[in-house]
Amino acid sequence: MKAKIAFIALAMAVTAPAWAADPVGDLSKITGLSERKVQMIVGNRTAFAEYPYTYDRALDKFVAAIGKDNYNRLMDGEAVALHDAKGNEYLVQIDRKALLERNAL
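Residues numbered from 1 in each chain as written. Predicted model: local features only at pLDDT ≥ 70, side-chain atom pairs only at ≥ 80, totals over all residues. Heavy atoms only, no water.

With that out of the way, let us pick up helix 5 (residues 68-75). Of the positions making up helix 5, those classed as buried are Asn-70, Tyr-71, Leu-74 and Met-75. Projected down its long axis, helix 5 carries its buried residues within an arc of 130 degrees, all on one side. Seen from the open side of helix 5, the exposed residues pointing more than 90 degrees away from its buried face are Lys-68 and Asp-69. Positive phi shows up at Gly-77, right after helix 5, with a value of about 90 degrees. (Buried < 20%, exposed > 50% of the residue type's maximum accessible area, 1.4 Å probe, protein only. Helix = DSSP H or I, 4+ residues; strand = E, 2+ residues; numbered from the N terminus. Arc of directions from axis to C-beta.)

Next up, the structure:
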């Protein structure tokens, strides 16, 4: 019985990174923006006074880092393969509905 439990725990530990997909964190690493600014770009708009200026600057940096075509594909919910400055590849897909629901809590 202990061997079975150990095997299950080992299997869960090996597959855990696959479950821990964090598109906001990955986009933050790729673009150099904070996770908060990435959430601002892929999430819903807010009514804060400084928001339009901050959003426009962050959006320009975000699009420059990943490209206009990749930005449009991400916003359409498609999966996009992106590279960070170190050459690491990330497969990123934004589920905007789930992201908006998570941020509304």
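This part covers the nonpolar core. Counting 23 residues, the largest nonpolar core has Leu-27, Ile-41, Phe-62, Tyr-71, Leu-74 and Val-92 as the members making the most contacts within it. Breaking this core down by element, the ones donating at least two residues are helix 2 (23-31), helix 3 (35-42), helix 4 (51-66), helix 5, strand 1 (80-83) and strand 2 (89-92). The biggest single contributor to this core is helix 4, with 7 residues. Apart from the residues within four sequence positions on either side, Ile-41 is in contact with Leu-33, Tyr-55, Ala-58, Leu-59, Phe-62 and Tyr-71. (Core = buried A, V, L, I, M, F, W, Y, C linked by side-chain atoms within 4.5 Å. Contact = heavy atoms within 4.5 Å.)

Another point: the confidence of the model for the chain. Looking at the chain as a whole, the pLDDT averages 78, with 69% of positions reaching at least 70. Low confidence marks residues 13-20, where pLDDT is under 50. Its contacts with residues over four positions away, or in another chain, come to 1 contact. (pLDDT = per-residue confidence, 0-100.)

Further remarks concern the pairing of strand 1. Here strand 1 shows one buried face, formed by Val-80 and Leu-82, and one open face, formed by Ala-81 and His-83. Inspection of the sheet shows strand 1 paired to strand 2 by 4 bridges, in the antiparallel sense. Its bridge partner lying in strand 2, His-83 is registered against Glu-89. Linking strand 1 to strand 2, which pair antiparallel, is a turn of 5 residues; within it Gly-87 sits at a positive phi near 95 degrees. (Pairing = 2+ DSSP bridges.)

Looking at the element boundaries, Gly-32 is found in the loop between helix 2 and helix 3. In sequence terms Gly-32 and Ala-85 are 53 residues apart; their C-alpha atoms lie 9.2 Å from each other.

Our next topic: the packing of aromatic side chains. All chains considered together, the criterion is met by 1 aromatic pair. Pairing Phe-62 with Tyr-71 gives two aromatic rings, centres 6.1 Å apart and planes at 80 degrees, and the pair type is edge-to-face. Of the two residues, Phe-62 and Tyr-71, both sit in the buried class. (Phe/Tyr/Trp six-rings, centres within 6.5 Å; stacked < 30°, edge-to-face > 60°.)

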